[in-house]
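Structural overview for review
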Amino acid sequence: TSPLFQGYRLGDMSLPNRIVMAPLTRNRAGAGFVPSDLAADYYAQRASAGLIVTEATQISQQGQGYQDTPGIYSDAQVAGWRKITDAVHAKGGHIVVQLWHVGRVSHSSLQPNGGAPVAPSAIPANTKTFVNNGFAETSPPRALDASEIRGIVEDYRRAAANALKAGFDGVEVHGANGYLIDQFLRDGANQRTDRYGGSIENRARFLLEVMAAVIGEIGAARTGLRLSPVAPANGLSDSAPQPLFDHVMDELERLHPLYVHVVEGATQGARDIAPDFSFAALRRRYSGAWMVNNGYDLALAERVLAAGEADLVAFGRPFISNPDLVERLRRNAPLNPLDRDTLYGGGAKGYIDYPVLEPVD
Ligand SMILES: C=C(C(=O)O)c1ccccc1
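Before going into details, it helps to say that this report is about the structure given with it. Values in this document were obtained by computation on a predicted structure and should not be read as measured data.

This paragraph deals with the site of the ligand. The environment of the ligand is formed by T25, A56, Y66, W100, H174, N177, Y179 and Y344. Measuring from an oxygen atom of the ligand, one finds a side-chain N or O atom of H174 at 2.8 Å. A per-class count over the shell around the ligand returns 5 nonpolar, 3 polar and no charged.

If you want it as structure tokens, here you go:
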């Protein structure tokens, strides 16, 4: 059989296949930033995935960057997620929540008291965000005072505790795509002169403090991490990504989270934007589960799994338009086209109404 359909032991979970539903922002949260009341259907329809990673979910109001994304810092939000984890578990699925703080990729209208978004340094993202049903320039950020960082680490810890209360099998810390953790890691956004900036060790400190706090709260076997070492997402860059992420992997080997999920290349874009960057070098430094993502199809997924270059493959957009992606990959069946007009925002259309394959008789 295809390596995609081999089972895989991931911590306490026995995954039936190597196919992961990647985190997908859909901007459909309800009042109070609780997940959509359609989300239980949406995620349950996709529960045949070996593992589901939810859409990015903010750990605090300060951590929100786009309209109508869900949080996991209030009792109402936890209750909303409980319905979703119950629906996925009823279908035999496994689901973790992606914990998100956007840092500078936000707009003052979303921030507590209409304040400036926070970041390691006061360097604008020069990108747009989705607010008030349109795109707007992100607001210029203010640099965090070192004394504020402990509070944000505590917000991640509390969100991880809330994730277990909500019935999740674990969390994926969002360290990718130019959001707060990634802003601390990369010298294009982090020009601090204190213990959180300058050297590679200092720039990795915030990520590692977050990981240690989350692992301390819910255990390494329930804590994953997403990274995008060379993605230019949200205006990020770094002068030397290989030594930076080599160091990150050495430190993660020590903390030993459940898995590392890497975006290979530019998120949703070209895979080969950094030909001299070695993802294999990163993987050699870490003995936990390795999850790869970005533009995979059946052939490429089977190739990397057969070659032992990855343990799990995450698919994003294909899961939006194919709730039964697993069955379609198994049969090498055609995929439903993606409706781009209903990707972000809206209701049931383009969310829970994509068709599944006819059952084979
Ligand atoms: C959380 C996101 C990411 O990680 O890129 C995101 C946010 C808005 C639109 C698409 C994706």
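It is a general feature of regular strands that their side chains alternate between the two faces of the sheet. The buried fraction of strand β13 (residues 289-293) amounts to 5 of the 5 residues, a majority that puts the element mostly inside the structure. The alternating pattern of β13 places A289, M291 and N293 and W290 and V292 on opposite faces, both of which are buried. Inspection of the sheet shows strand β12 (residues 259-263) paired to β13 by 5 bridges, in the parallel sense. Its bridge partner lying in β13, H261 is registered against M291.

Right, let's talk about the environment of Y43 for a bit. Within the secondary structure layout, Y43 lies in helix α1 (residues 39-45). The exposure class assigned to Y43 is buried, which follows from its relative accessible area of 0%. Sequence separation between Y43 and P323 is 280 residues, and the spatial gap between their C-alpha atoms is 8.6 Å. Apart from the residues lying within four places of it in its own chain, the contact partners of Y43 are M21, I52, T54, E55, W81, I84, V88 and I95. Separated by 2.6 Å, the side chains of Y43 and E55 make a polar contact.

For the rest of this paragraph, the subject is helix α5 (residues 200-218). Residues spaced three or four apart along an α-helix face the same direction, because each turn holds 3.6 residues. Here α5 spans 27 Å end to end across 19 residues, near enough to the 27 Å set by a 1.5 Å rise per residue. At F206, α5 shows its strongest bend, of approximately 35°. A positive phi of about 95° marks G219, the residue just after α5.

As a further point, take the side chain of N322. When you line up the elements, N322 lands in the loop between α9 (317-321) and α10 (325-331). Polar side-chain contacts of N322 include one of 3.2 Å to the side chain of S321.

It is worth spelling out the packing of helix α3 (residues 146-165) against α5 at this point. It is the contact of α3 with α5, at a shortest axis distance of 9 Å, that shows an interaxial angle of 35°. At the point where α3 passes α5, the crossing takes the right-handed sense. Touching I149, I152, V153, Y156, R157, A160, A161 and L164 of α3 are F206, E209, V210, A213, V214, E217 and I218, all from α5. Residues of the contact of α3 with α5, tallied by class, amount to 12 nonpolar, no polar and 3 charged.

A few words now on the nonpolar core. Y43, F206 and L252 are the most contacted members of the largest nonpolar core, which has 85 residues in total. In terms of residues, this core owes the most to one element, α5, which gives 11 residues. In this structure F206 touches I149, I152, V153, Y156, L180, I181, F184 and Y196, once residues within four positions along its chain are discounted. With 15 residues, the next largest nonpolar core counts M13, L15, V53 and L258 among its residues.

Spatial ordering of the closed barrel is given by β3-β4-β5-β10-β11-β12-β13-β14, a layout of 8 strands whose pairing is parallel. Shown here is a sheet whose adjacent strand axes are inclined to one another by a mean of 25°, direction ignored. By the bridge criterion, 5 bridges tie strand β4 (residues 51-58) to strand β5 (residues 95-100) in an arrangement that is parallel. What sits directly across from Q58, in β5, is W100. On the sheet, α3 packs against β5 and β10 (170-174) and is oriented at approximately 160° with respect to β5.

This paragraph deals with the side chain of S2. In this fold, S2 is placed in the segment before β1 (8-10). When its relative accessible area of 16% is taken as the criterion, S2 is described as buried.

Before going further, it helps to examine the packing of aromatic side chains. By the definition in use, this model includes 13 aromatic pairs. Summarising the aromatic geometry, the rings of Y66 and W100 are spaced 5.6 Å apart at their centres and angled 20° between planes, so their arrangement reads as stacked. Of this pair, Y66 sits in the loop between β4 and α2 (75-90) while W100 sits in strand β5, and the two are 34 residues apart along the sequence. Each member of the pair, Y66 as well as W100, is classed as buried. Ring plane angle 70° and centroid distance 6.2 Å describe the contact between F184 and Y196, whose orientation is recorded as edge-to-face. Placement of F184 in helix α4 (residues 180-185) and of Y196 in the loop between α4 and α5 is noted, with a sequence separation of 12 residues between them. Assigned by exposure class, F184 and Y196 land together as buried.

How each quantity is defined
Residues numbered from 1 in each chain as written. Predicted model: local features only at pLDDT ≥ 70, side-chain atom pairs only at ≥ 80, totals over all residues. Heavy atoms only, no water. Near = heavy atom within 4 Å. Polar contact = N/O pair within 3.5 Å; in protein donor to acceptor, adjacent residues only side chain to side chain. Nonpolar A, V, L, I, M, F, W, Y, C, P; charged D, E, K, R; others polar. Buried < 20%, exposed > 50% of the residue type's maximum accessible area, 1.4 Å probe, protein only. Helix = DSSP H or I, 4+ residues; strand = E, 2+ residues; numbered from the N terminus. Pairing = 2+ DSSP bridges. Contact = heavy atoms within 4.5 Å. Expected span 1.5 Å × (residues − 1). Bend = angle between axes of the 7 residues up to and from the residue. Axes fitted to C-alpha atoms, helices over the stretch in contact; angles between N-to-C directions. Left-handed = near helix turned anticlockwise from the far one by under 90°. Core = buried A, V, L, I, M, F, W, Y, C linked by side-chain atoms within 4.5 Å. Phe/Tyr/Trp six-rings, centres within 6.5 Å; stacked < 30°, edge-to-face > 60°.

Purely geometric stuff here, so don't read any function into it on its own.
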